[in-house]
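Take a look at the letters that make up each chain.
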Amino acid sequence: MGAEHAGTTSRTASEEEKEGPGGPTETTDVVVVGAGPTGLMLAGELRLGGARVTVVEQLPAPTGQSRGLGFTARAMEVFDQRGLLAGFGPGLETSPQGHFGGVLFDYSVLRDGHFGARGIPQSQTESVLEEWARALGADIRRGWQLTGLTDTGDGVEIVADTPTGVRRLRGSHLVGCDGGGSAVRTAAGFDFPGTPARRTMYLADVAGCSLRPRFLGERLPAGMVMAAPLGEGVDRIIVCPDGVPADDSSRLTDFAEVADAWQRITGEDISGGSALWVSTFTDATRQTSQYRRGRVLLAGDAAHIHLPAGGQGLSTGVQDAVNLGWKLAATVQGWAPPGLLDSYHDERHPAGARLLMNTRAQGMLYLGGEEADPMRALFGELIEHDDVKRHLAGVVSGLDVRYDVGEGSHPLLGRRLPPRPLRTAAGPTRTTELLHPGQGVLLDLRDDETLRAEASGWKDRVVTVTATVTDDAADEALAGAGALLVRPDGYIVWTAADDAGPRSALHRWFGAPTAGTTHHDEYEEKP
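Residues numbered from 1 in each chain as written. Predicted model: local features only at pLDDT ≥ 70, side-chain atom pairs only at ≥ 80, totals over all residues. Heavy atoms only, no water.

1. Quick look at helix α10 (residues 386-397)
Applicable threshold: Strands here are runs of E lasting at least two residues and helices are runs of H or I lasting at least four, both read from the DSSP assignment and numbered beginning at the N terminus. The span expected for a helix works out to 1.5 Å for each residue beyond the first. Any residue under 20% of the maximum accessible area for its type is buried, any over 50% is exposed, and the rest in between are partly exposed; the area is computed with a 1.4 Å probe on protein chains only. Whether two residues touch is decided by their heavy atoms; if any such pair falls within 4.5 Å, the residues are in contact.
An ideal rise of 1.5 Å per residue puts 16 Å on twelve residues; α10 measures up with 16 Å between its terminal C-alpha atoms. For α10, the complete set of buried residues consists of Lys389, Leu392, Ala393, Gly394, Val395, Val396 and Ser397. Looking at the buried residues of α10, the elements they touch are α3 (73-81), β6 (97-100), β7 (103-106), α8 (342-367) and α9 (373-382).

Below, the structure written as structure tokens:
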């Protein structure tokens with residue numbers, strides 16, 4: 001890993017001026033294709049890690065469409081880790097009541113669990129992320145249509161049609177965040193195995209229809225429909241007719257087609273209304289077998305597509321980006337230990353596989369006909385048990401993710417740092433605030449000077465914070481850990497509850513220490 005990126009972060013004048021069919025080739029550290037939530041989150045993460053990043057997006061401007069509505073509990077924590085929640089305004093609300101395949105239950109049975117932030121249009125999420133990424137220095141270029149891609153072994157070069165003609169751009173690495181029909185995935189030769197679509201469904205925001213809310217969906221003999229008010233006379237509807245063969249999910253459709261399907265299922269005529277936008281989608285389920293091929297990587301829907309059950313797609317893409325961003329930035333910056341970039345696939349591919357598993361299961365419950373009634377009845381019985389509720393809430397919320405980070409037995413090892421209040425010499429804070437800069441954190445909960453000295457060689461990559469867990473936190477697992485080493489993405493890779501010190505984990509996740517460094521008090525906050 002250490003040698004892979006050598007010589008790719010800077011280029012000579014002759015290389016900068018090299019002429020190709022598209023004129024001079026511009027350079028950056030990382031090229032990101034796609035300016036949706038995944039691409040924008042990744043751009044900000046890369047900038048926090050010190051990497052130059054250029055995002056290219058084929059659309060000339062944001063669509064402004066609501067699309068995904070909200071995000072899961074874990075995605076909300078991720079935004080909190082970067083100080084982004086304030087951008088969504090003071091009215092950000094979460095819902096304790098959620099469902100699994102239409103079977104209702106209370107997600108708050110899981111500590112920190114909820115069914116996510118509801119009613120946040122994707123356009124707002126993208127706006128918050130774009131403002132953040134640009135403020136950090138990300139270069140975002142719209143109206144760039146990818147037409148060619150070449151992995152040269154020491155970098156990746158793209159050719160794009162742009163508003164100013166054909167342009168060429170080269171980076172050390174390229175990440176495809178360009179959705180389910182990813183041009184990057186195709187051009188770079190990634191496979192995309194899975195189950196093909198079996199049915200076509202409709203998604204729309206409609207006005208002037210005065211629809212009865214059907215928050216969890218209503219199954220009828222001819223199909224299933226959902227409806228939820230968005231405010232100001234606008235409703236979000238999902239229409240899943242039975243017997244409609246699978247079609248290209250990206251094809252254009254119109255409101256008349258959606259209204260016809262709604263009437264066939266419900267008997268209600270909504271043709272007198274209008275649509276702000278309409279789209280089709282399918283139940284196709286696919287996942288690439290590799291998240292990385294050489295210097296090209298995939299994230300979000302470019303790596304996995306699924307039935308949009310439980311609103312997990314946007315949130316999973318954001319988590320892909322946060323896992324990848326600091327690792328790729330470390331590779332570009334030259335301090336990544338061996339295997340760090342490969343751990344992106346190792347950790348996020350299983351997470352994506354679980355996403356596909358749970359959305360397929362939800363699809364069977366949601367869309368199955370009478371033959372699925374026994375399964376729905378059984379789920380209704382099982383979900384009365386708190387253990388089952390906790391398990392399903394963890395799956396859908398993303399709070400159950402646990403990575404293999406090495407030896408150790410502490411229950412928090414490999415899991416995310418939970419959001420808890422802390423007390424430091426500088427005053428009260430929260431665990432999520434410690435992660436705002438996008439660095440690693442050594443959280444010393446027992447005021448251990450020897451421990452802090454041991455980590456001093458990594459002070460340029462890991463901030464040491466001495467704190468105590470406040471009484472209000474009431475978290476025995478966190479307080480009992482003694483100390484924790486937390487990656488920039490918020491996952492715990494070492495605790496003092498295990499016998500070994502932190503040096504092995506520091507080497508594994510943060511590379512070699514800086515030569516000749518000593519501990520400085522400015523990197524600690526004593527209670």
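2. Some points on the packing of helix α7 (residues 313-333) against α8
As a reminder, the rule being used: Axes here mean lines fitted to C-alpha atoms, for a helix over just the part in contact, with angles spanning 0 to 180 degrees between N-to-C directions. What sets the label is the angle itself: under 35 degrees gives roughly parallel, over 145 gives roughly antiparallel, 65 to 115 gives roughly perpendicular, and the rest give oblique. Residue classes follow a fixed rule: Ala, Val, Leu, Ile, Met, Phe, Trp, Tyr, Cys and Pro count as nonpolar, while Asp, Glu, Lys and Arg count as charged, and any other residue, Gly among them, counts as polar.
At a minimum axis distance of 10 Å, the contact between α7 and α8 shows a crossing angle of 175°. With respect to their mutual orientation, α7 and α8 come out roughly antiparallel. Along the contact surface, α7 presents Thr316, Gln319, Asp320, Asn323, Leu324 and Lys327, while α8 presents Ser343, Tyr344, Glu347, Arg348 and Leu355. Looking at the contact of α7 with α8 residue by residue, the classes come out as three nonpolar, four polar and four charged.

3. Some points on the nonpolar core
As a rule of thumb, nonpolar side chains are buried together in soluble globular proteins. Here is the rule we go by: The definition of a nonpolar core used throughout is a set of buried Ala, Val, Leu, Ile, Met, Phe, Trp, Tyr and Cys residues joined through side-chain atoms within 4.5 Å.
With 61 residues, the main nonpolar core has Met41, Leu46, Phe71, Phe79, Leu174 and Val175 as its most contacted residues. When residues of this core are assigned to their parent elements, the largest contribution, eight residues, is made by α7. Ignoring anything within four residues of it in the chain, the contact list for phenylalanine 79 reads Met41, Phe71, Leu84, Leu85, Phe88, Thr125, Leu129 and Val318. Residues Trp326, Ala455, Trp458 and Phe510 belong to the second largest nonpolar core, which totals 23 residues.

4. Focus on the sheet that holds strand β26 (residues 440-444)
The condition that has to hold: Should DSSP find at least two bridges between two strands, the strands are regarded as paired.
The mixed open sheet is built from four strands, whose spatial order is β27-β26-β29-β30. If you trace the sheet from one side to the other, it starts and ends with β27 (462-466) and β30 (492-495), each paired once. Adjacent strand axes in the sheet meet at a mean angle of 15°, parallel and antiparallel pairs treated alike. Bridge count for strand β29 (residues 483-486) against β30 is three bridges, and the pairing is antiparallel. Note that in β30 the partner of leucine 484 across the bridge is threonine 495. The strands that helix α14 (residues 503-510) touches are β26, β27, β29 and β30; relative to β29, the one it contacts most, it runs at about 15°.

Such coordinate-based values are descriptive only and should not be taken to indicate function.
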